Amino acid sequence: MITVGNLNLDTDFEHRIIREEDDDLDLFIDINYRSLDIDNSGANLFSSRIQFPFVRSIILRLNKQTHTMTIHLMRDIDLFSAFANFEVDYTDCTINIKNNLEKVSIYKSAL
């Protein structure tokens with residue numbers, strides 16, 4: 001597990017900082033064209049998860065002073081290839097990005 005600003009991140013994938021300016025930071029995670037499951041268990045928006053097939057990489061865009069980040073899903077290596085993004089509040093939790101054979105799961109867990 002790593003800590004970047006206020007973010008606790010537990011991931012099976014290599015990651016690297018691709019931009020850092022003042023308190024803003026972009027973290028790049030290559031998931032190599034796997035399906036991505038976003039586990040939303042316990043929330044009222046949808047029953048359990050949403051899946052995005054064929055995701056090349058994920059960019060976590062965060063400010064080190066807050067507990068909110070934007071997650072960008074990338075179709076290709078190009079930084080302008082984002083096809084979806086959403087905000088996540090990671091107050092008092094760990095964000096997990098785990099490899100599960102041919103798919104990847106993103107979910108929150110308690111500290």
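Quantities reported herein were computed from a predicted structural model and do not represent experimental measurements. (Residues numbered from 1 in each chain as written. Predicted model: local features only at pLDDT ≥ 70, side-chain atom pairs only at ≥ 80, totals over all residues. Heavy atoms only, no water.)

## Some thoughts on the nonpolar core
Then, in step 1: Core analysis: the biggest nonpolar cluster contains 26 residues, and Leu-36, Ile-58, Leu-60, Met-69, Ile-95 and Ile-97 have the highest contact counts within it.
Then, in step 2: When contributions to this core are tallied by element, the ones reaching two or more residues are β2 (7-11), β4 (24-39), β5 (49-63), β6 (68-74), β7 (82-89), β8 (93-100) and β9 (103-110).
Then, in step 3: Looking at this core element by element, the count peaks at six residues for β4.
Then, in step 4: Setting aside residues up to four positions removed in sequence, Ile-58 forms contacts with Leu-27, Phe-28, Ile-29, Ile-31, Leu-36, Ile-71, His-72, Leu-73, Ile-97 and Ile-106. (Core = buried A, V, L, I, M, F, W, Y, C linked by side-chain atoms within 4.5 Å. Buried < 20%, exposed > 50% of the residue type's maximum accessible area, 1.4 Å probe, protein only. Helix = DSSP H or I, 4+ residues; strand = E, 2+ residues; numbered from the N terminus. Contact = heavy atoms within 4.5 Å.)

## Brief notes about the pattern of salt bridges
Then, in step 1: The tally for this structure, following the rule as stated, stands at nine salt bridges.
Then, in step 2: The partner of Lys-98 in a salt bridge is Asp-12, with the nearest N and O atoms 3.3 Å apart. Separated by 86 residues along the polypeptide, Lys-98 in strand β8 and Asp-12 in the loop between β2 and β3 (15-21) bring together distant segments of the chain.
Then, in step 3: By relative accessible area, which is 44% here, Asp-12 ends up partly exposed.
Then, in step 4: Linked by salt bridges that have partners in common, Arg-19, Glu-21, Asp-26 and Arg-61 make up one network. (Salt bridge = Lys/Arg side-chain N within 4 Å of Asp/Glu carboxyl O.)

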